[in-house]
Amino acid sequence: MSEKFDELKKKLDNVDKGQAKDLLQTINQEHDKGNLDKDEKDSLLDKAKQKFGNIDLGNFHL
């Protein structure tokens, strides 16, 4: 796993529901930039879904 993945995983561990949307946008941006592969992105999004359940975060539906 990449350093960026590890960094974002730690942030996800410490983020609250109010900050989740911003972090999910960051995850998608880092994937778009090539800093995360698809498996890393999917792993982070799955972790967010486990943590926050089925919530609507604007463009992100977990």
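Before going into details, it helps to say that this report is about the structure given with it. What you see as residue numbers is a count from 1 along each chain, following the sequence as written. At least 70 in pLDDT is required for a residue's local features to be given in this predicted model, at least 80 for side-chain atom pairs to be given and counted, and no such filter applies to totals for whole chains, interfaces and linings, which use all residues. Computation of side-chain values covers all heavy atoms of the structure but excludes hydrogens and water.

A few points about helix α1 (residues 3–14)
(1) Moving on: Under the 1.5 Å per step criterion, the end-to-end length of α1 is 17 Å for 12 residues, consistent within 8% with the ideal 16 Å.
(2) Moving on: Three labels apply to residues, based on accessible area from a 1.4 Å probe with only protein chains included: buried if under 20% of the type maximum, exposed if over 50%, partly exposed otherwise in between. Helix numbers and strand numbers start at the N terminus; a helix is a DSSP run of H or I with at least 4 residues, a strand a run of E with at least 2. For α1, the set of buried residues is F5, L8 and L12. Each buried residue of α1 lies within a common arc of 70° when the element is viewed along its axis, so the set occupies one face. More than 90 degrees from the buried face of α1, the exposed residues found are E3, K10 and N14.
(3) Moving on: Buried positions along α1 lie against α2 (17–33) and α3 (38–52). In a helix, the anticipated span is given by 1.5 Å times the number of residues less one. Working definition: the arc comes from the directions between the helix axis and the C-beta atoms, pointing outward to the latter. Working rule for contacts: check all heavy atoms of both residues, and any pair within 4.5 Å makes them a contact.

Structural notes on the nonpolar core
(1) Moving on: Among the nonpolar cores identified, the biggest contains 13 residues, and L8, L12, L23, I27, L36, L44 and F52 are the most heavily contacted of them.
(2) Moving on: At the level of secondary structure, the elements contributing two or more residues to this core comprise α1, α2 and α3.
(3) Moving on: The residues contacting L8, other than those within four sequence positions of it, are L23, T26, I27, E30, L36 and L44. Buried residues of nine kinds, namely Ala, Val, Leu, Ile, Met, Phe, Trp, Tyr and Cys, make up a nonpolar core once their side-chain atoms join them within 4.5 Å.

Geometric descriptors of this kind do not, in isolation, establish any biological role.
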